[in-house]
Amino acid sequence: MTISDVRIRKVQQSNGKLRAVASITIDECFVVHDIKIIEFDGNLFVAMPSRKTTEGEYKDIAHPINSETREFIQREILNAYNMLTE
């Protein structure tokens, strides 16, 4: 699997934890939108797109099924975010 494109849209918030929203293109044929870049306790992490259930919980709409893929996607998104903010 390759991530052929990463697009970052910075969010202008003064005191929120959300820093940006990303979209990735996988193998030039599949796009995932609304991936959130969140800062918590000085660290950045990636939250996959989700929706709120009727019970008030958030469930991922799309997500990697193993930790290796999650780490790969997170690394690519955070690298693109860091390049944008430097």
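Up top is the structure.
Residues numbered from 1 in each chain as written. Predicted model: local features only at pLDDT ≥ 70, side-chain atom pairs only at ≥ 80, totals over all residues. Heavy atoms only, no water.

Structural notes on the pattern of salt bridges
Oppositely charged side chains can form a pair if their charged atoms are brought close together.
Thinking step 1. Following the criterion strictly, the structure yields three salt bridges and no others.
Thinking step 2. Two residues, R19 and E39, come together in a salt bridge whose shortest N-O distance is 2.7 Å. Separated by 20 residues along the polypeptide, R19 in strand β2 (residues 18-26) and E39 in strand β3 (residues 30-40) bring together distant segments of the chain.
Thinking step 3. By relative accessible area, which is 22% here, R19 ends up partly exposed.
Thinking step 4. We classify E39 as partly exposed; its relative accessible area is 27%.
Thinking step 5. Salt-bridge contacts for E57 lead to K59; the nearest nitrogen and oxygen are separated by 3.7 Å. (Salt bridge = Lys/Arg side-chain N within 4 Å of Asp/Glu carboxyl O. Helix = DSSP H or I, 4+ residues; strand = E, 2+ residues; numbered from the N terminus. Buried < 20%, exposed > 50% of the residue type's maximum accessible area, 1.4 Å probe, protein only.)

Quick look at the sheet that holds strand β1 (residues 3-10)
Thinking step 1. In space, the four strands of this open sheet follow the order β1-β2-β3-β4, with antiparallel pairing throughout. Strand pairing shows two members of the sheet lacking a second neighbour, β1 and β4 (43-47), which therefore form its edges. When strand polarity is set aside, the average angle formed by the axes of neighbouring strands in this sheet is 25°. (Pairing = 2+ DSSP bridges. Axes fitted to C-alpha atoms, helices over the stretch in contact; angles between N-to-C directions.)

A few points about unusual backbone geometry
Thinking step 1. One non-glycine residue, D27, lies in positive phi territory at about 50°.
Thinking step 2. Checked against the element boundaries, D27 lands in the loop between β2 and β3.

As far as function goes, none of this settles anything; it's purely spatial.
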